[in-house]
Amino acid sequence: WYLLLAWELVKDATQDKGKMEQARETLERLQQKNLPSLSKDWMEDCAVYLLTPLLTATKGTFIALSTRILYDHSLPNLCQNLVEGSDFTTALNIVKQMQDSWHKARALIEIATAQPTAENFRAAIDTAKDIQDSRYKAEALMEIAKAQAQAGNFRAAIDTAKDIQDSRYKAEALIEIAKAQAQAENFTAAIATAQDIQDSYYKARALIEIAKAQPTAENFTAAIDTAK
């Protein structure tokens, strides 16, 4: 209820400057209490929703408050909200406070895959490499490679894909890169990318995507050659 009151005050603070100060006072009173962690899913969901716009009203205590009232399994959702607002620094600082490795990996994936939308690929890759679990690291790098390919940055996408240790995730990344190259009508490069896939099943999937794209450019002969 304190969060809800503070949220209402912050929502109206653009028209009434005094309400921001009232929101800060409300949150200060809240943090003086012996707070339990919220135990029900609906409570945690509400807290995640209400906390995000309260960042400016917490006077530097946002991370401490969030980690006091939310369990680790809810913090990735809070990180997702923060990175949607391009606040990567706060999201990363929250991750540092998390104890559970699985949920920490989930949060880092949210951050790493959101950073490319801000064209911050290098930071996204650095974030992904901080993930200890090899599967989650591979998943994050795959998403980054896909984002790079969609942005037309094919060389960097291929370099990112080569850093993926898991063969399945690497193949999935290369399929998406080949697909993006084909959609850009860069068919020679797309086929070369597909040929880098070691597994015949995944290579076939990549070649299917290329062949499907070729007829849209009225290049039917090439499409048939690719299918062969």
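Structure first, text after, so check above.
Every value quoted in this text rests on a predicted model; they were computed, and no experiment measured them. (Residues numbered from 1 in each chain as written. Predicted model: local features only at pLDDT ≥ 70, side-chain atom pairs only at ≥ 80, totals over all residues. Heavy atoms only, no water.)

> So, the overall build of the protein: which residues are in play, and what are the values?
Helix and strand content of the protein: 14 helices and zero strands. In sequence order, the protein lays out its α and β elements as α-α-α-α-α-α-α-α-α-α-α-α-α-α. Computed over its C-alpha atoms, the radius of gyration of the protein comes to 23 Å, more than 25% above the 17 Å expected for a compact globule of 228 residues. When the backbone C-alpha atoms are referred to their principal axes, the protein occupies close to 70 × 40 × 30 Å. The burial tally for the protein puts 43% of its 228 residues in the buried class. (Helix = DSSP H or I, 4+ residues; strand = E, 2+ residues; numbered from the N terminus. Rg over C-alpha atoms; globule rule 2.2 N^0.38 Å. Buried < 20%, exposed > 50% of the residue type's maximum accessible area, 1.4 Å probe, protein only.)

> A description of the pattern of salt bridges should follow, citing residues and the corresponding values.
Under the counting rule described, the total for this entry stands at nine salt bridges. Of the charged contacts, one joins Lys129 and Asp163 as a salt bridge, the two residues approaching to 3.7 Å between their closest N and O atoms. Of the two residues, Lys129 is situated in helix H8 (residues 121-129) and Asp163 in the loop between helix H10 (154-162) and helix H11 (167-183); the sequence distance between them amounts to 34 residues. Where Arg205 meets Glu172, a salt bridge forms, and the shortest distance between an N and an O atom there is 3.1 Å. With Arg205 in helix H13 (residues 200-213) and Glu172 in helix H11, this residue pair connects regions lying 33 residues apart in the sequence. Using a relative accessible area of 27% as the deciding quantity, one classes Arg205 as partly exposed. (Salt bridge = Lys/Arg side-chain N within 4 Å of Asp/Glu carboxyl O.)

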